[in-house]
Amino acid sequence: MKKLMVIGCGGVASVAIHKVCRNDEVFSDLMIASRTVSKCDALKEKLQGTTKVRIETAKVDAGNVEELTALIRSYGPDAVLNVALPYQDLTIMDACLAAGVDYIDTANFEPEDTEDPEWRKIYEKRCEEKGFSAYFDYSWQWAYEERFKEAGLTALLGTGFDPGVTSVFAAYAKKHYFDRIDTIDILDCNGGDHGYAFATNFNPEINLREVSAPGSYWEDGRWIEVPAMSIKREYDFEQVGRKDMYLLHHEEIEALGRNMPEVQRIRFFMTFGQSYLDHMRCLEDVGMLSTAPVEFNGQQIVPIQFLKALLPDPASLGPRTVGKTNIACIFTGMKDGERKAVKIYNVCDHQECYKEVGSQAISYTTGVPAMIGAMLVVTGQWKKPGVFTTDEFDPDPYMEALNKWGLPWIVDTDPVLVD
Ligand code: NDP
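Residues numbered from 1 in each chain as written. Predicted model: local features only at pLDDT ≥ 70, side-chain atom pairs only at ≥ 80, totals over all residues. Heavy atoms only, no water.

**A few points about the environment of His249**
Structurally, the position occupied by His249 is in the loop between β11 (241-247) and α10 (251-259). A residue is classified by how much of its surface remains accessible, and His249, at 3% relative accessible area, is buried. Between the C-alpha atoms of His249 and Glu225, which are 24 residues apart in sequence, the distance is 8.2 Å. Side-chain polar atoms of His249 contact the side chain of Ser216, separated by 2.6 Å. (Helix = DSSP H or I, 4+ residues; strand = E, 2+ residues; numbered from the N terminus. Buried < 20%, exposed > 50% of the residue type's maximum accessible area, 1.4 Å probe, protein only. Polar contact = N/O pair within 3.5 Å; in protein donor to acceptor, adjacent residues only side chain to side chain.)

**Some words on the nonpolar core**
Membership of the largest hydrophobic core comes to 93 residues, with the highest contact counts inside it found for Phe27, Leu30, Phe169, Phe331 and Ile372. Once residues lying within four places of it in the same chain are set aside, the contact partners of Phe331 are Phe169, Ala170, Ala173, Phe178, Ile181, Thr183, Ile184, Lys340, Ala341, Val342 and Ile344. In terms of nonpolar packing, the next biggest core, distinct from the first, is built from 34 residues, Ala95, Cys96, Ala155 and Ala255 among them. (Core = buried A, V, L, I, M, F, W, Y, C linked by side-chain atoms within 4.5 Å. Contact = heavy atoms within 4.5 Å.)

**Comments concerning the pattern of salt bridges**
The full count for this structure, using the stated rule, is 25 salt bridges. Note that Arg126 is salt-bridged to Asp137, the shortest N-O span being 3.2 Å. Of this pair, Arg126 sits in helix α5 (residues 117-130) while Asp137 sits in the loop between α5 and α6 (139-142), and the two are eleven residues apart along the sequence. Both residues of the pair, Arg126 and Asp137, count as buried. (Salt bridge = Lys/Arg side-chain N within 4 Å of Asp/Glu carboxyl O.)

**What about the site of the ligand?**
Residues in contact with the ligand amount to 28 residues; listed here are only the nearest, Arg35, Thr36, Lys39, Ala62 and Asn203. Ser34 places a side-chain nitrogen or oxygen 3.5 Å from an oxygen atom of the ligand. Between a nitrogen atom of the ligand and a main-chain N or O atom of Thr106, the distance comes to 2.9 Å. Within the complex, 92% of the 930 Å² of free accessible area of the ligand lies under protein. Residues of the shell around the ligand, tallied by class, amount to 13 nonpolar, eleven polar and four charged. (Near = heavy atom within 4 Å. Areas by Shrake-Rupley, 256 points an atom, 1.4 Å probe, with all protein chains shown as cover. Nonpolar A, V, L, I, M, F, W, Y, C, P; charged D, E, K, R; others polar.)

**Observations regarding the environment of Val378**
With respect to the secondary-structure elements, Val378 resides in helix α14 (residues 361-378). For Val378, a relative accessible area of 9% puts it in the buried group. Sequence-wise, Val378 and Pro77 are 301 residues apart; in three dimensions their C-alpha atoms are separated by 9.7 Å. Those residues in contact with Val378 that sit more than four places away from it in its chain are Lys2, Val26, Phe27, Asp78 and Ala79.

**As for the sheet that holds strand β6 (residues 154-157)**
Overall, parallel pairing links the seven strands, which are arranged β3-β2-β1-β4-β5-β6-β17 in an open sheet. The two strands at the open ends of the sheet, each matched to only one other strand, are β3 (54-59) and β17 (386-389). For this sheet, the mean inter-axis angle between neighbouring strands, taken without regard to orientation, is 20 degrees. In this sheet, β3 lies alongside strand β2 (residues 27-34) in parallel orientation, the contact comprising six bridges. Within the sheet, the bridge partner assigned to Leu30 lies in β3 and is Ile55. Strands β1 (2-7), β2, β4 (79-82), β5 (102-105) and β6 of the sheet are contacted by α14, whose axis makes an angle of about 125 degrees with β2. (Pairing = 2+ DSSP bridges. Axes fitted to C-alpha atoms, helices over the stretch in contact; angles between N-to-C directions.)

Okay, here's the thing in structure tokens:
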């Protein structure tokens, strides 16, 4: 029986914790540790009568390596699941190394302060060398490879839906359907409606940074960057309908580009409604998406953090969101000398998720794979020394677990392709 420490107690963490509590054949003990301990206590209160898993809570600043290392040592978990923010990835990895436990997360590192001159120097060099300008990239966490290897520890990066499940779909397609994959299109469609004029489905700061950045895709071994929202396609999603989708930079492209070098082109598209785009453009034009602190009434505020305080908490969207998500990967390539195309996708219903765990489908589709990743690491099925993304292990146990834990998938061997 395994002991897990979950760091963070927001929308994604809540779903992962619900699923850990259901999975009492694997997990016997759980610590929920986060910045605001009252949220951890409230979740413990809600769940403890419903599960055999023993739940403890703690307050921790995950940005403080010493404090976090001491907490991990005193609790002694088999692994730490980081579902706080990407800002804390490196400090949590440092603490896991110091305490000698495995590490799992759902999003790759980016800095909270993008004006930090030390970080900026490295960032600007990377933009020039690699050709994409997103704030996040894998280099910071891949740099831990030797340290995790030497310590005999596993770091599993990006086990949400995208990244996470999408890369498992790629590994599964490669193992079962293709001799060679030529192209991958990842399509992330949220057909949900929460009734607000504007809200984000997960942490607004991280979400708005991601979607307001230039888009980019991987072609013939290099990045091609294009202005934000400049490549648009329409696609008819099963159980959702026709939606406009836009090409974005996304982190799994970087890992798949490295780990599957034979793939000629990898793109990522996300659906957005016109109202969302209009709000975002306006907020950007007036400077509300800026991460640089400004002076206001004698104090420093970061515009995007102030905006976060005004927007609905993503965790509060659950009861009011109706409709479905459909996240798909379309692969083209060769099998037994013939060209073929395969689509693997999941459809998830916001209200069904809310009934089951009290969250909308975006948190659900991230929190379930986070628990699955943690389960595969602690049970040894996905355990090897080093730093890995989800495409680097046997996909079969993960795919089986998706069916079992609430995210069943469908294979379409005659899919409509994207131009
Ligand atoms: P939330 O903002 O809802 O939750 C973040 C949690 O982390 C909060 O409980 C917050 O505490 C806590 N936290 C923040 N800073 C610290 C700190 N220094 N020390 C301890 N705890 C801290 O975010 P989400 O649940 O929406 O997202 C969680 C993660 O999931 C993010 O990294 C996000 O990028 C990722 N994600 C990944 C997806 C994927 O498919 N791969 C999709 C969606 C999200 P407090 O309660 O005090 O605010």
